[in-house]
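# Coordinate analysis (summary)
In case you want the letters, here they are:
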Amino acid sequence: MTTTTPRQTARRQDILHGLRDGFPIAMGYLAVAFSIGIIAVKAGLTAPLGFLSSFFTRASAGEYGTYTLVAVQAAYAEVVAMCLVVNLRYMLMSAALSQKIAPGTSWFHRLLMACCITDEVFGISVAHPGYTPPAYTYSAALISTLFWASGCALGITAGSLLPQPMVTALSMSLYGMFLAIIIPQARQDRHVLYALIASFVLSGLCAVAPVVSQWSSGMRTVVLTIVISAVAAWLKPVNIENDGES
């Protein structure tokens, strides 16, 4: 008779919680990735290629830019440079998530958790009470990635059969899902609310500012994240000793 250890039980619970929290993300991803798949058709991708591309990329802006450049036969250097600029924010997210990983976690788990990061998976991972178990992030990333890749493949298969207004309406579900992630945190901590309001206001101002508006959306996101996070950390530093135990 096999005896289940407390550690195995805890890991199983982390996996189930990750799947539970990742399922709403997966549903939003399916709709958005469907529209990405329609764009991928213009780049000449087949459904299997679209599935593999989306499975290992998982970035709507990065994939949109990549497929657009591929469609116009851009150079490899342009595609790489575009992906680096658009996805720089994930470096900041990795640094932030590293503070939520328990001491003693192997570098291999840390590396894999960094590879699992998307905007939404990062959101639920940093919102996890206490330290974030690797199994939680893995399971949430797995189910959301499978739906994202499948949505892209379905979009490629469907092509342009659906009318554009319907595709646009489906893509709005991702924004609603992201709000569902950040609103509970803002209600619990007014300082998080202040940071969110500042991010909305400054993002809108930067989009119309004379010089900053010429930057790519990814670069603006990176700069605003650094500035707002630095100001928030200076004004309201987190008690590190108690953060991992909360």
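Scroll up to find the structure this text is about.
Parameters and conventions
- Residues numbered from 1 in each chain as written.
- Predicted model: local features only at pLDDT ≥ 70, side-chain atom pairs only at ≥ 80, totals over all residues.
- Heavy atoms only, no water.
- Phe/Tyr/Trp six-rings, centres within 6.5 Å; stacked < 30°, edge-to-face > 60°.
- Helix = DSSP H or I, 4+ residues; strand = E, 2+ residues; numbered from the N terminus.
- Buried < 20%, exposed > 50% of the residue type's maximum accessible area, 1.4 Å probe, protein only.
- Salt bridge = Lys/Arg side-chain N within 4 Å of Asp/Glu carboxyl O.
- Patch = residues over 30% accessible without salt bridge, like charges linked within 9 Å, V, L, I, M, F, W, Y side chains within 5 Å.
- Areas by Shrake-Rupley, 256 points an atom, 1.4 Å probe, with all protein chains shown as cover.
- Expected span 1.5 Å × (residues − 1).

Taken as a whole and judged by the stated rule, the model has 5 aromatic pairs. Look at F23 and F147: their rings are 6.1 Å apart centre to centre, the planes differ by 80°, and that puts the pair in the edge-to-face class. Note that F23 is positioned in helix α1 (residues 6-42) and F147 in helix α8 (residues 134-158), a separation of 124 residues in sequence. Under the relative-accessibility criterion, F23 is labelled partly exposed at 42%. The class for F147 is partly exposed, based on a relative accessible area of 25%.

Tallied over the entire structure, the rule returns 2 salt bridges. For the salt bridge of R20 with D21, the shortest nitrogen-to-oxygen distance reads 3.0 Å. For D119, the salt bridge is made with R89, and the minimal N-O distance between the two is 3.1 Å. Residue D119 is found in helix α7 (residues 119-126), and its partner R89 is found in helix α5 (residues 89-98); the two are separated by 30 residues along the sequence. Using a relative accessible area of 21% as the deciding quantity, one classes D119 as partly exposed.

Turning our attention to a nonpolar patch on the surface. A grouping of L179, I183, L193, Y194, I197, F200, V201, L202 and L205 is seen on the molecular surface, where their side chains present a nonpolar patch of about 810 Å² in accessible area. Counting residues per element, the nonpolar patch draws most heavily on helix α11 (residues 190-208), which supplies 7 residues. If you trace the backbone, V201 turns up in helix α11. Classification of V201 by relative accessible area gives partly exposed; the value is 45%.

What follows concerns α8. Because each turn of an α-helix spans 3.6 residues, side chains separated by three or four positions in sequence point in the same direction. Helix length check: α8 (25 residues) gives 36 Å between terminal C-alpha atoms against 36 Å at 1.5 Å per residue, within 8%. Among the 25 residues that make up α8, 18 are buried, leaving the element largely enclosed by the rest of the structure. Just beyond α8, the residue with positive phi is G159, at close to 65°.

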